[in-house]
Amino acid sequence: MMWQRAMPLPPEIAPSPAPLPSSPLRLRLDTQALADNWRALDRLSGSAAAGAAVKADAYGLGVAVAVPVLAEAGCRDFFVAHWGEVPALAGLVPADRVAVLHGPMNDAEAAFCRASGVLPVINSVPQAARWSATGGGPCHLMVDTGINRLGVESHRLGDPAIAGLEVETCLSHLASADENSAQNAVQLARFAEVRAAVPARRYSLANSAGIALGNAYHADLTRPGLALYGGIPRDELAGHISQVAYPQAAVIQVREIAAGDSVGYNATFTAPAPMRVGVIALGYADGYLRCWSGKGRFSWQGRDVPALGRVSMDMTVVDLTHAPGCAEGDWLEAAYEPLAASAASGLSQYELFTLLGQRFQRGG
Ligand SMILES: *Cc1c(COP(=O)(O)O)cnc(C)c1O
């Protein structure tokens, strides 16, 4: 339309107007704890080697920081779920030590797999046929032993498409390793049958919790994820695993409120007395979900700083009563010890990590 063409163009945002200010959100990673956790899990895996599940950006902690630390600690096998997670690993670990759990769903994914040099995890007879038809070569094979999620059903293992595979690692996955469930022994017994039926260079069954089930579950390669990042899925791991992830948020405003003043959306907190409160740049868009409303805790120089009222999208208000020296620009650290944080929030330890959003600056 004419009038649009006649309008002056608004100025555009310059690609780099100036150096980007640092984020008011930091995810501090204790890289020493991460390396120690891998070494502990590798040791607990007995004669099996421990790999690492680094899917979902290393459970939200950041592949760019976590993977070099794991590789330096001695980890050689890395698992992602999506093809889109492969480029972030480029240059960090050898391509053929990266396994893509979802496998090739179509020829384009098979072609991407080949071009990138990573290995697919074959999860079905059609995926097996596709991998062979597009050139074959080494791959991993996931066999279902009872989780009924991804994986070739054990009664299809005799299919010629499966028999034609060059299986590097034959995998299965435990459904209830974090519980003392009879299902664990059932899956272990089925995995023994799988091992007899499928020739492979290595076999792998245990996730983090499975490592704590004992040697029978370790096979040749274990695949911890959660426990690497500080999660504790079974009590047996408690003495071996340390916290890795420490979310921190900057105070972007401090204000004094009067008795009777309320805080935040829907006024769910009302000050019983005059108080000093802080606004921090952390909200549910960053994965600090509304379940933390009235329950979240932070610390400033060792002082306890509780959350007040509703968590909003980009902000949470905190009580600075016990931190009178805390000022705008100061950093608060969230109470995020995985077991305690999970109990307080109702989120699983997995969710606590993987929720942490893109606005965090991640670093060691
Ligand atoms: C995510 C995943 C793991 C890691 O599980 P954790 O419980 O986090 O240790 C291992 N194997 C497979 C197939 C997975 O999808």
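Residues numbered from 1 in each chain as written. Predicted model: local features only at pLDDT ≥ 70, side-chain atom pairs only at ≥ 80, totals over all residues. Heavy atoms only, no water.

### Describing the site of the ligand
Next, step 1: Lining the immediate environment of the ligand, one finds 14 residues, of which Lys 55, Tyr 59, Ser 208, Leu 226 and Tyr 350 sit closest.
Next, step 2: Between the ligand and Ser 208, the relevant distance is 2.5 Å, taken from an oxygen atom to a side-chain nitrogen or oxygen of the residue.
Next, step 3: For the ligand, the accessible surface in isolation is 390 Å², of which the surrounding protein chains cover 92%.
Next, step 4: Partitioned by chemical class, the residues of the shell around the ligand number 7 nonpolar, 4 polar and 3 charged. (Near = heavy atom within 4 Å. Polar contact = N/O pair within 3.5 Å; in protein donor to acceptor, adjacent residues only side chain to side chain. Areas by Shrake-Rupley, 256 points an atom, 1.4 Å probe, with all protein chains shown as cover. Nonpolar A, V, L, I, M, F, W, Y, C, P; charged D, E, K, R; others polar.)

### Points about unusual backbone geometry
Next, step 1: With a phi close to 50 degrees, Asn 148 is a non-glycine residue in the positive phi region.
Next, step 2: For Asn 148, the location among the structural elements is in the loop between strand S7 (138-144) and strand S8 (152-153).
Next, step 3: Of note in the backbone geometry, Ala 267 takes a positive phi value of approximately 50 degrees without being a glycine.
Next, step 4: Note that Ala 267 resides in the loop between strand S13 (262-263) and strand S14 (269-270). (Helix = DSSP H or I, 4+ residues; strand = E, 2+ residues; numbered from the N terminus.)

### So, the UniProt feature "modified residue: N6-(pyridoxal phosphate)lysine" (unreviewed entry) in the chain
Next, step 1: UniProt's feature table lists "modified residue: N6-(pyridoxal phosphate)lysine" (unreviewed entry) at Lys 55, given in the numbering used throughout.
Next, step 2: Residue Lys 55 is classed as partly exposed on the basis of its relative accessible area, which comes to 27%. (UniProt positions renumbered as here; feature names shortened; annotations may be inferred. Buried < 20%, exposed > 50% of the residue type's maximum accessible area, 1.4 Å probe, protein only.)

### Let's talk about the packing of aromatic side chains
Aromatic rings in a pair are described by how distant their centres are and how their planes are angled relative to each other.
Next, step 1: Tallied over the entire structure, the rule returns 7 aromatic pairs.
Next, step 2: Considering the side-chain rings of Trp 83 and Phe 112, the 6.1 Å spacing of their centres and the 80 degrees angle between planes classify their relative orientation as edge-to-face. Taken as a pair, Trp 83 in the loop between strand S4 (78-80) and strand S5 (98-100) and Phe 112 in helix H5 (residues 107-116) lie far apart in primary sequence, 29 residues in all.
Next, step 3: When the ring of Tyr 288 is compared with that of Trp 292, the centres are 5.3 Å apart and the planes differ by 5 degrees; the resulting orientation is stacked. Each member of the pair, Tyr 288 together with Trp 292, is buried.
Next, step 4: Put simply, the rings of Tyr 288, Trp 292, Phe 298 and Tyr 336 touch in pairs and so form one group of aromatic residues.
Next, step 5: Over the face of the ring belonging to Trp 331 we find Arg 26, whose NZ or CZ atom lies 3.7 Å from the ring centre.
Next, step 6: If you follow Arg 28 out to its NZ or CZ, it ends over the ring of Tyr 246, 4.3 Å from the centre. (Phe/Tyr/Trp six-rings, centres within 6.5 Å; stacked < 30°, edge-to-face > 60°. Lys NZ or Arg CZ within 6 Å of the ring centre and 35° of its normal.)

### Looking at the side chain of Asn 123
Next, step 1: With respect to the element layout, Asn 123 can be found in the loop between strand S6 (119-122) and helix H6 (125-133).
Next, step 2: Of the residues examined, Asn 123 reaches a relative accessible area of 4% and is grouped as buried.
Next, step 3: Polar contacts involving the side chain of Asn 123 include one to the main-chain carbonyl oxygen of Val 121, which spans 3.0 Å.
Next, step 4: Setting aside residues no more than four positions away along its own chain, Asn 123 makes contact with Leu 101, His 102, Gly 103, Met 142, Leu 150, Gly 151 and Val 152. (Contact = heavy atoms within 4.5 Å.)

### Comments concerning the nonpolar core
Next, step 1: Counting 95 residues, the largest nonpolar core has Val 54, Leu 70, Leu 141, Tyr 229 and Phe 298 as the members making the most contacts within it.
Next, step 2: The element best represented in this core is helix H4 (residues 63-73), accounting for 7 residues.
Next, step 3: Each of two domains, domain 1 (30-232) and domain 2 (245-336), supplies a minimum of three residues to this core.
Next, step 4: With 8 residues, the next largest nonpolar core counts Ile 257, Ala 271, Val 277 and Val 317 among its residues. (Core = buried A, V, L, I, M, F, W, Y, C linked by side-chain atoms within 4.5 Å. Domains from an automatic or database assignment.)

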